[in-house]
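# Inside the fold
Here is how the chains run, residue by residue.
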Amino acid sequence: SSTDVFPIEFLDMKEKHVLLYGRDLLSGLEIDISNLRFQCEHELKSHLISMKRTYLHGQSAAIMRDALFRTFTSTLHILRNFLKLKGERREHPEGGVFADIAGEFEIDTSTFNKIAEAKEKNLRLTQKVTERLFSGFMTDLEHITRAIDRV
């Protein structure tokens, strides 16, 4: 009864579940993807508020880096689901989703690429680099949330 409130989670379960035994409870589950836009917008705006709070509290580079990586991963998941509203149903190869995001939201995803590389390599970033990536990601996220709000 919560597919309208949590469409991302139910879509994930429905698309990726493996039935081990018994009746498949998810196979007949109908998920109205019109609610997907609302959840995506809500989640992304919540991320933005959380990031701004972290930034304004003047956290250390390590805390900001961890918050950036965590938010980045979650944001990609949300954006992959948002692209489903646009008919995008394919699995994205590593980095492939960035091209779709760049096209859909008309942004330069170079900050996304830098964050993904730093996260993948588990780099220790200086305060200056962390703040630059953090700020760039917030700018991109603000642009994306405005675009989603217009859909």
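Residues numbered from 1 in each chain as written. Predicted model: local features only at pLDDT ≥ 70, side-chain atom pairs only at ≥ 80, totals over all residues. Heavy atoms only, no water.

What follows is about the pattern of salt bridges. Tallying each qualifying case throughout the model produces six salt bridges. Among the salt bridges present, the one from Lys 84 reaches Glu 15, with a minimum N-O distance of 2.9 Å. Taken together, the residues Lys 84 in helix α3 (residues 61-85) and Glu 15 in helix α1 (residues 7-16) connect sequence positions 69 residues apart. By relative accessible area, which is 11% here, Lys 84 ends up buried. Between Arg 65 and Asp 66 there is a salt bridge; the shortest N-O distance is 3.0 Å. Arg 65 sits in the buried class, given a relative accessible area of 12%. In this structure Asp 66 comes out as partly exposed when scored by relative accessible area, which is 38%. Residues joined by salt bridges that share partners form a network here, namely Arg 37, Glu 41 and Lys 45. (Salt bridge = Lys/Arg side-chain N within 4 Å of Asp/Glu carboxyl O. Helix = DSSP H or I, 4+ residues; strand = E, 2+ residues; numbered from the N terminus. Buried < 20%, exposed > 50% of the residue type's maximum accessible area, 1.4 Å probe, protein only.)

Before going further, it helps to spend a moment on the nonpolar core. Among the nonpolar cores identified, the biggest contains 37 residues, and Ile 101, Phe 105, Phe 112 and Ile 144 are the most heavily contacted of them. Elements with a contribution of two residues or more to this core: α1, α2 (34-56), α3, α4 (96-105), α5 (110-120) and α6 (127-149). At 10 residues, the largest contribution of residues to this core is made by α3. Non-local contacts of Ile 101, meaning those with residues more than four positions away in its chain, are made with Leu 76, Leu 79, Glu 106, Ile 107, Thr 109, Phe 112 and Ile 144. (Core = buried A, V, L, I, M, F, W, Y, C linked by side-chain atoms within 4.5 Å. Contact = heavy atoms within 4.5 Å.)

The next thing to look at is the side chain of Thr 109. Among the secondary structure elements, Thr 109 is positioned in the loop between α4 and α5. Excluding residues within four positions of it along the chain, Thr 109 makes contact with Phe 98, Ile 101 and Ala 102.

Close contact between α1 and α2 brings their axes to 8 Å; oriented N to C, the two are set at 115 degrees. Residues Pro 7, Ile 8, Glu 9 and Leu 11 of α1 form the contact with α2, whose own contacting residues are Asn 35, Leu 36, Gln 39 and Cys 40. Looking at the contact of α1 with α2, its residues break down into five nonpolar, two polar and one charged. (Axes fitted to C-alpha atoms, helices over the stretch in contact; angles between N-to-C directions. Nonpolar A, V, L, I, M, F, W, Y, C, P; charged D, E, K, R; others polar.)

Turning next to the packing of α5 against α6. Following both chains from N to C, one finds α5 and α6 inclined at 130 degrees, their axes separated by 9 Å at the closest point. The angle between the axes of α5 and α6 places the two elements in the oblique class. The element α5 and its partner α6 pack so that their crossing is left-handed. Counting all contacts with α5, which are made through Thr 111, Phe 112, Lys 114 and Ile 115, the residues of α6 involved are Leu 133, Gly 136, Phe 137, Asp 140 and Ile 144. Its residues assigned to classes, the contact of α5 with α6 shows five nonpolar, two polar and two charged. (Parallel < 35°, antiparallel > 145°, perpendicular 65-115°, else oblique. Left-handed = near helix turned anticlockwise from the far one by under 90°.)

We now examine α1. What sets the pattern is the α-helix's 3.6 residues per turn: residues three or four places apart point alike. Within α1 the residues assigned to the buried category are Pro 7, Ile 8, Phe 10, Leu 11 and Asp 12. Summarising the contacts, the buried residues of α1 are in contact with α2 and α3.

Time to look at unusual backbone geometry. Unusually for a residue other than glycine, Glu 106 sits at a positive phi of about 50 degrees. In this structure, Glu 106 sits in the loop between α4 and α5. Here Glu 106 falls in the exposed class, since its relative accessible area comes to 71%.

Note that every value here comes from positions in space, so none of it alone points to a role or purpose.
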